[in-house]
Protein chains: 2
Amino acid sequence: MAKADKINFSCPSGFPEFLPGEKRLEMYLIDTIRQVFERYGFTPIETPAVERLEVLQAKGNQGDNIIYGLQPILPPNRQAEKEQAGESGSEERALKFDQTVPLAAYIARHLNELQFPFARYQIDVVFRGERAKAGRYRQFRQCDIDVVGRNKLSLLYDAQIPAIIAEIFTAINIGDFLIRINNRKVLSGFFESIGLDESKIMPSIRIVDAAEKIGETKVKKALLAEGLSDEQVEQILTFTKIQGSVDEVLAQLNAMLEDKPDAQVLKTGIAELETVITGVRNLGVSDRVFCIDLSIARGLDYYTGTVYETTLVGHEALGSICSGGRYEELVGMFVGDKMPGVGISIGLTRLMSRLIQAGILESFSSTPAQVMVVNMQSDLMPLYLEVSQKLRQAGISTITSFDERSVGKQLQQADKRGIPLCVIIGSEEAAAQKCGLKNMRTGEQIAVNIEQLANEVSKQLA
Amino acid sequence: MAKADKINFSCPSGFPEFLPGEKRLEMYLIDTIRQVFERYGFTPIETPAVERLEVLQAKGNQGDNIIYGLQPILPPNRQAEKEQAGESGSEERALKFDQTVPLAAYIARHLNELQFPFARYQIDVVFRGERAKAGRYRQFRQCDIDVVGRNKLSLLYDAQIPAIIAEIFTAINIGDFLIRINNRKVLSGFFESIGLDESKIMPSIRIVDAAEKIGETKVKKALLAEGLSDEQVEQILTFTKIQGSVDEVLAQLNAMLEDKPDAQVLKTGIAELETVITGVRNLGVSDRVFCIDLSIARGLDYYTGTVYETTLVGHEALGSICSGGRYEELVGMFVGDKMPGVGISIGLTRLMSRLIQAGILESFSSTPAQVMVVNMQSDLMPLYLEVSQKLRQAGISTITSFDERSVGKQLQQADKRGIPLCVIIGSEEAAAQKCGLKNMRTGEQIAVNIEQLANEVSKQLA
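Residues numbered from 1 in each chain as written. Chains lettered and ligands numbered in written order. Predicted model: local features only at pLDDT ≥ 70, side-chain atom pairs only at ≥ 80, totals over all residues. Heavy atoms only, no water.

1. Observations concerning the UniProt feature "binding site: L-histidine" (unreviewed entry) in chain A
All names here are of chain A.
So, step 1. Summarizing the sequence annotation, UniProt attributes the feature "binding site: L-histidine" (unreviewed entry) to D98, Q99, T100, R128, Q142, D146, R298, Y302 and Y303 in the numbering used throughout.
So, step 2. Setting aside residues no more than four positions away along its own chain, Q99 makes contact with R120, Q122, D124, V126, Q142 and D144.
So, step 3. A polar contact of 3.1 Å, which involves the side chain of Q99, links it to the backbone oxygen of Q122.
So, step 4. Mapped onto the elements, D146 comes out in strand β6 (residues 139–148). (UniProt positions renumbered as here; feature names shortened; annotations may be inferred. Contact = heavy atoms within 4.5 Å. Polar contact = N/O pair within 3.5 Å; in protein donor to acceptor, adjacent residues only side chain to side chain. Helix = DSSP H or I, 4+ residues; strand = E, 2+ residues; numbered from the N terminus.)

2. Let's talk about the pairing of strand β5 (residues 118–127) of chain A
The two faces of the sheet receive side chains in turn, since in a regular strand these alternate between them.
Residues and elements named next belong to chain A.
So, step 1. Counted residue by residue, β5 has 10 buried out of 10 residues, so it is predominantly covered.
So, step 2. Along β5, one buried face is formed by F118, R120, Q122, D124 and V126 and the opposite face, lined by A119, Y121, I123, V125 and F127, is buried too.
So, step 3. Pairing analysis gives two bridges linking strand β1 (residues 43–44) to β5, with the strands arranged parallel. In the strand pairing of β5, P44 is matched with Y121.
So, step 4. Both β5 and β6 contribute to a ladder of 10 bridges, which runs antiparallel. Bridge assignment links F118 to a residue of β6, and that residue is V148. (Buried < 20%, exposed > 50% of the residue type's maximum accessible area, 1.4 Å probe, protein only. Pairing = 2+ DSSP bridges.)

3. Side note on empty space enclosed by the protein
So, step 1. Following the criterion strictly, the structure yields three cavities of 30 Å³ or more and no others.
So, step 2. By volume, the largest cavity is sized at about 700 Å³.
So, step 3. Lining the largest cavity we find 39 residues, and of these I123(A), R141(A), I30(B), I123(B) and R141(B) sit closest to its centre.
So, step 4. Elements with a minimum of two residues in the lining of the largest cavity: α1 (20–39), β5 and β6 of chain A together with α1 (20–39), β5 (118–127) and β6 (139–148) of chain B. (1 Å grid on protein atoms, 1.4 Å probe; cavity = no way out; pocket = protein on both sides within 12 Å on 5 of 7 lines; lining within 4 Å. Points joined across faces, edges and corners; volume = space filled by probe spheres on them.)

4. Section: the pattern of salt bridges
So, step 1. Counting across every chain of the model gives 54 salt bridges over all chains.
So, step 2. Note that D403(A) and R405(A) form a salt bridge whose closest N and O atoms lie 2.8 Å from each other.
So, step 3. The closest approach of N and O atoms between R281(B) and D287(B), which form a salt bridge, is 2.8 Å.
So, step 4. Owing to a relative accessible area of 29%, R281(B) belongs among the partly exposed residues under this scheme.
So, step 5. Judged by its relative accessible area of 38%, D287(B) is partly exposed. (Salt bridge = Lys/Arg side-chain N within 4 Å of Asp/Glu carboxyl O.)

5. Focus on the interface of chain B and chain A
So, step 1. Each side of the interface is counted separately: chain B has 127 residues, and chain A has 127 residues.
So, step 2. Summing both partners gives a buried area of about 10300 Å² for chain B against chain A, and 55% of it is carried by carbon and sulfur.
So, step 3. The interface formed by chain B and chain A holds 10 salt bridges in total.
So, step 4. In this structure, R109(B) engages E17(A) in a salt bridge whose closest nitrogen and oxygen atoms are separated by 2.6 Å.
So, step 5. For the pair chain B and chain A, the interface holds 44 residue pairs in polar contact (both at pLDDT 80 or more).
So, step 6. For the side of chain B that touches chain A, the element with the highest residue contribution is α1(B), accounting for nine residues.
So, step 7. Grouping the amino acids of the side of chain B that touches chain A by side-chain chemistry returns 58 nonpolar, 33 polar and 36 charged. (Buried area = accessible area lost by both parts, 1.4 Å probe. Nonpolar A, V, L, I, M, F, W, Y, C, P; charged D, E, K, R; others polar.)

6. Comments concerning the sheet that holds strand β14 (residues 421–424) of chain B
Residue and element names in this part refer to chain B.
So, step 1. Pairing is mixed across the open sheet formed by five strands, whose spatial order is β13-β12-β14-β15-β16. The sheet is open, and its two borders are formed by β13 (398–400) and β16 (445–449), each paired with just one other strand. Strand-to-strand twist of the sheet, defined as the mean angle between neighbouring strand axes without regard to direction, takes the value 25 degrees.
So, step 2. As paired strands, strand β15 (residues 434–439) and β16 are joined by five bridges and run antiparallel to one another. Bridge pairing links G436 to A447 in β16.
So, step 3. Against the sheet, helix α14 (residues 407–417) touches β12 (371–373), β13, β14 and β15, its axis set at about 160 degrees to β14. (Axes fitted to C-alpha atoms, helices over the stretch in contact; angles between N-to-C directions.)

7. Some words on the relation of the copies chain B and chain A
So, step 1. Relative to chain A, chain B is turned by 180 degrees and slid 0.0 Å along the rotation axis, the superposed coordinates differing by an RMSD of 0.0 Å. Expressed as a symmetry operation, the mapping of one chain copy onto the other fits a two-fold axis. Residues of chain B ranked by C-alpha distance from the rotation axis are headed by L70(B), positioned 2.5 Å from it.
So, step 2. A shared binding surface is used by both copies, with 100% of the interface residues of chain B retained as interface residues in chain A. (Least-squares fit on C-alpha atoms with pLDDT ≥ 70 in both.)

8. Brief notes about the environment of A163(B)
So, step 1. As for its position among the elements, A163(B) is in helix α4 (residues 156–171).
So, step 2. Judged by its relative accessible area of 3%, A163(B) is buried.
So, step 3. Taking the C-alpha atoms as reference points, A163(B) and I425(B), 262 residues apart in sequence, are found 51 Å from one another.
So, step 4. The contacts of A163(B), once residues within four sequence positions are left out, are Q389(A), Y40(B), L283(B) and V285(B).

9. Looking at the sheet that holds strand β10 (residues 323–327) of chain A
Residues and elements named next belong to chain A.
So, step 1. The strand order β1-β5-β6-β11-β10-β9-β7-β8 describes an open sheet built from eight strands, whose pairing is mixed. The outermost strands of the open sheet, each flanked by one partner alone, are β1 and β8 (290–292).
So, step 2. Here seven bridges tie strand β7 (residues 177–183) to strand β9 (residues 303–312), and the two strands are oriented antiparallel to one another. For R180, the partnering residue across the bridge sits in β9 and is E309.
So, step 3. Sheet strands in contact with helix α11 (residues 264–282) are β7, β8 and β9, and its direction is about 150 degrees off that of β7.

10. Some details on the packing of aromatic side chains
So, step 1. Taken as a whole, this structure holds 26 aromatic pairs over all chains when the rule is applied.
So, step 2. Ring geometry for Y302(A) and Y303(A): centres 5.0 Å apart, planes at 55 degrees, overall tilted.
So, step 3. Given a relative accessible area of 23%, Y302(A) falls into the partly exposed group.
So, step 4. Relative to Y68(B), the ring of F15(B) lies with its centre 6.0 Å away and its plane at 50 degrees, an arrangement referred to as tilted. Placement of F15(B) in the segment before α1 and of Y68(B) in strand β3 (residues 67–73) is noted, with a sequence separation of 53 residues between them. With respect to burial, F15(B) and Y68(B) carry one shared label: buried.
So, step 5. An aromatic cluster is defined as three or more aromatic residues linked by ring pairs; in this entry it consists of Y106(A), F116(A) and F118(A). (Phe/Tyr/Trp six-rings, centres within 6.5 Å; stacked < 30°, edge-to-face > 60°.)

11. Comments concerning the packing of α1(A) against helix α4 (residues 156–171) of chain A
In a pair of packed helices, the angle between the axes and the distance between the axes together describe the arrangement.
Residue and element names in this part refer to chain A.
So, step 1. Relative orientation of the contacting elements α1 and α4 amounts to 150 degrees, with a least axis distance of 10 Å. In terms of axis orientation, α1 runs roughly antiparallel to α4. Judged by the sense of rotation from one axis to the other, the crossing of α1 with α4 is right-handed. Residue-level inspection shows Y28, T32, I33, V36, F37 and R39 of α1 in contact with α4, the latter providing I164, E167, I168 and A171. (Parallel < 35°, antiparallel > 145°, perpendicular 65-115°, else oblique. Left-handed = near helix turned anticlockwise from the far one by under 90°.)

Below is the structure:
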């Protein structure tokens with residue numbers, strides 16, 4: 001046919017797509033994450049890709065990101081038409097850039113139809129007009145869970161989060177990981193206790209949070225530039241370097257508290273941290289996979305209590321692969337109620353592409369097919385179709401080859417696609433109700449009774 | 001907290017969202033459909049939501065739909081900034097309105113990395129600015145499969161499609177269905193054989209295709225208005241009313257062919273139809289669930305051979321719930337090669353909402369949780385957490401209640417959420433390593449050893 005000339009059919013910049021083997025890996029990761037979320041009773045929701053712009057901007061553009069607004073494009077035969085109701089500029093709409101603002105809107109929209117605490121997950125794509133650079137996408141998939149309460153929310157929900165993180169990263173088997181836990185009140189309470197003005201607490205937290213990226217010298221400089229004294233800066237650096245086992249860190253924090261009997265916020269923060277840690281342990285999470293890290297804060301302003309980051313041991317340069325925390329003021333914004341929540345997010349698209357690059361994850365084969373039934377003689381096609389259906393009924397993913405080339409070529413094709421088993425039936429086998437089952441990895445071929453085929457295939461795939 | 005005043009947080013018109021129980025039903029349907037697709041060896045792909053506008057418009061706007069273009073909105077602190085590279089108007093981008101044009105682009109983008117025939121599925125949302133009315137959405141999910149060949153594609157791929165449709169609708173158990181099969185060449189060949197000009201064939205096919213919607217009188221009128229003779233109109237109406245078993249219809253078609261020895265296109269169409277029907281039968285699809293219906297054509301211009309529609313028996317007013325066909329000229333448009341394909345699409349969002357309305361499908365419970373471990377005494381919380389983890393390790397979705405209200409209130413909550421089982425442990429039970437297991441449907445409560453709990457729960461859930 002004629003080629004549609006001059007059309008640039010490449011993906012728009014920042015909107016890439018996966019090859020089938022990568023997409024299959026992504027679906028495996030999504031399925032695994034979803035199973036863990038559901039085992040903890042989280043229920044799926046899906047908010048539309050499109051929200052009113054005023055909803056998305058209720059808490060600002062989330063940093064300096066571009067939001068993608070919608071611009072209706074009329075087809076040529078309707079160009080003269082006035083913009084119709086609901087498609088006019090009076091209702092500005094845009095693509096969601098995260099799943100937290102939409103969660104707040106979802107809860108406001110269905111307040112009386114939901115039960116609280118409301119534990120939901122959403123595995124969905126979001127859109128951000130970030131400056132295009134390697135590993136940055138303008139459309140990417142996030143896996144979010146949040147529990148939201150009305151008026152109050154037990155700290156034990158905070159304790160469940162590390163258990164969920166640990167289960168996910170154990171299940172997807174990408175090596176040792178470390179869940180780093182902190183509490184914003186411990187940080188702000190400490191900063192307050194060494195005499196920082198309230199106006200300087202949030203900026204200082206943000207500086208400390210960036211320590212891993214910018215290094216100690218720059219942290220010092222930035223804190224001094226913020227107007228802190230040399231002594232305060234030293235105290236902060238000493239504080240964020242408190243290390244050791246979970247119990248050692250808690251002991252040091254409690255010891256510090258003895259010298260600061262009036263530090264109420266610090267005291268509350270430490271108590272919260274202790275409650276959470278006790279819950280994490282009662283949930284059976286091994287001390288080997290989590291720690292208290294007083295240097296983490298999460299950049300976002302809305303966190304108010306527990307915060308989490310997760311790093312891959314030996315691959316710390318990848319940054320946090322799963323982060324989140326407790327917030328008080330975010331979800332209730334449309335309702336006008338106090339609706340505290342705690343949640344985490346896994347930036348799946350970015351995580352997966354980086355784990356592939358680092359050689360930690362590998363693409364799947366390009367097809368889910370486990371068996372190819374070879375087309376040896378076209379007069380036997382009815383039998384090939386019947387055999388294929390028997391395999392499918394046993395839950396085995398099967399391709400029937402309709403290729404008219406040689407058996408050798410067809411086996412090559414199967415191999416290229418990563419299909420592990422091939423079924424070969426000629427006239428003699430057909431007459432004897434037998435077939436050849438060729439294992440593409442070992443090259444071994446055995447004769448199997450057709451009625452035993454599904455069992456034998458399952459055995460070889462196991 | 002302060003309410004964000006005056007913000008209209010409702011969903012934009014035409015972009016609705018589901019409650020959790022409906023979303024869980026949708027995910028069950030998606031999982032079921034996906035399993036069938038994968039059993040036939042179809043591999044998942046996902047193209048971005050956003051494509052270059054020139055790609056989307058390569059075959060027109062798909063009827064008179066509005067396409068949603070993207071309009072970058074800079075955050076307030078970057079308003080002065082020039083539009084950055086890749087975010088400028090020179091690269092017009094828009095949201096995909098179907099999955100077929102993006103499939104053509106995907107194949108063009110990865111031509112040398114894919115193996116052909118390429119069998120892919122994509123279960124994804126698309127965006128169309130249709131006039132908002134009941135049951136019409138501007139964002140909706142489609143479940144598409146297509147097999148695409150290079151240069152040629154066996155008709156047995158057409159035969160697999162009804163087998164796949166039958167498996168899906170049997171699995172989701174929505175009552176009797178009928179897969180109606182036709183071939184465009186049979187229609188156009190017949191029209192040609194009764195002397196229609198080529199220019200009148202496509203318009204006439206479109207008129208016949210609308211027969212179920214507009215009725216026979218209007219079909220007649222429209223065909224006459226198209227310039228057909230009274231005799232031609234009668235012949236067409238007689239032809240499209242040919243009914244009976246698959247074999248009877250094929251016999252009538254073949255008989256007709258004897259009077260028209262020169263009707264090459266008709267002959268090819270009948271031969272194709274026979275090959276497909278034989279394949280469908282060899283795949284074990286019962287004659288009860290499919291028929292030949294010479295009145296269906298599918299409105300879209302690009303179909304060239306086999307076409308399919310599926311109706312729910314007794315609910316024909318719902319229209320076709322799964323449609324598709326064979327096309328020659330669509331997928332190769334960016335590559336410039338002949339790439340014949342055959343595929344179907346299930347408009348899942350619309351189908352589900354109509355099946356719920358018609359009482360054929362019911363929402364799921366609002367949570368996947370199968371068990372709630374009640375918070376009877378907070379000093380026993382470590383045990384509650386441990387018991388919950390044991391259930392989760394056995395694959396049972398479990399919520400631990402952190403509610404401080406009475407056991408009665410907590411049981412009410414479980415009931416309201418549709419959680420079938422509750423675990424109740426007081427001091428005595430804890431000391432004896434036992435628990436109460438309450439079945440919320442029957443009200444019955446039994447005592448179970450904690451180490452037997454997961455088994456007993458699985459038994460009661462089975």
